[in-house]
Amino acid sequence: MNTTINIRTDKDVKDKAEKIFSELGVSMSTAVNMFLRQTIRHGGIPFELKATPNAETISAIEEGRNIAKDKDIKGYTDMDSLRKALEE
């Protein structure tokens, strides 16, 4: 049984994608079906998704790493110990 999916996208994106699909000999519908089937096979998005961290995030990550390495900073191995320290 077939069903219909309606999606919205930027016209320029659609036009560029259709041109590429045409060169590959497939329709937009076939390309979307290929993507959906690969998503099912992979159990998720069938390609790597990345987010490039901004300067503030990079700084926060570095700060966290430095804190983790610092022997003078007390660490906690369980929530009860952390909670007790926060209440003091």
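For clarity, every value in this text was computed on a predicted model and none was experimentally measured. (Residues numbered from 1 in each chain as written. Predicted model: local features only at pLDDT ≥ 70, side-chain atom pairs only at ≥ 80, totals over all residues. Heavy atoms only, no water.)

J.: I tried to follow the pattern of salt bridges on my own but got confused; where do I start?
T.: Here the idea is simple: oppositely charged side chains can pair when their charged atoms come close. On inspection of all chains with the given rule, the structure shows five salt bridges. Taking the shortest distance from any N to any O, the salt bridge between E18 and K14 comes out at 3.3 Å. Of this pair, E18 and K14 both sit in helix α1 (residues 11-24), four residues apart, roughly one helical turn. Here E18 falls in the partly exposed class, since its relative accessible area comes to 32%. Given the relative accessible area of 37%, K14 is considered partly exposed. Where D80 meets R83, a salt bridge forms, and the shortest distance between an N and an O atom there is 3.4 Å. With D80 and R83 both in helix α4 (residues 79-87) and three residues apart, this pair spans about one turn of that helix. Using a relative accessible area of 44% as the deciding quantity, one classes R83 as partly exposed. (Salt bridge = Lys/Arg side-chain N within 4 Å of Asp/Glu carboxyl O. Helix = DSSP H or I, 4+ residues; strand = E, 2+ residues; numbered from the N terminus. Buried < 20%, exposed > 50% of the residue type's maximum accessible area, 1.4 Å probe, protein only.)

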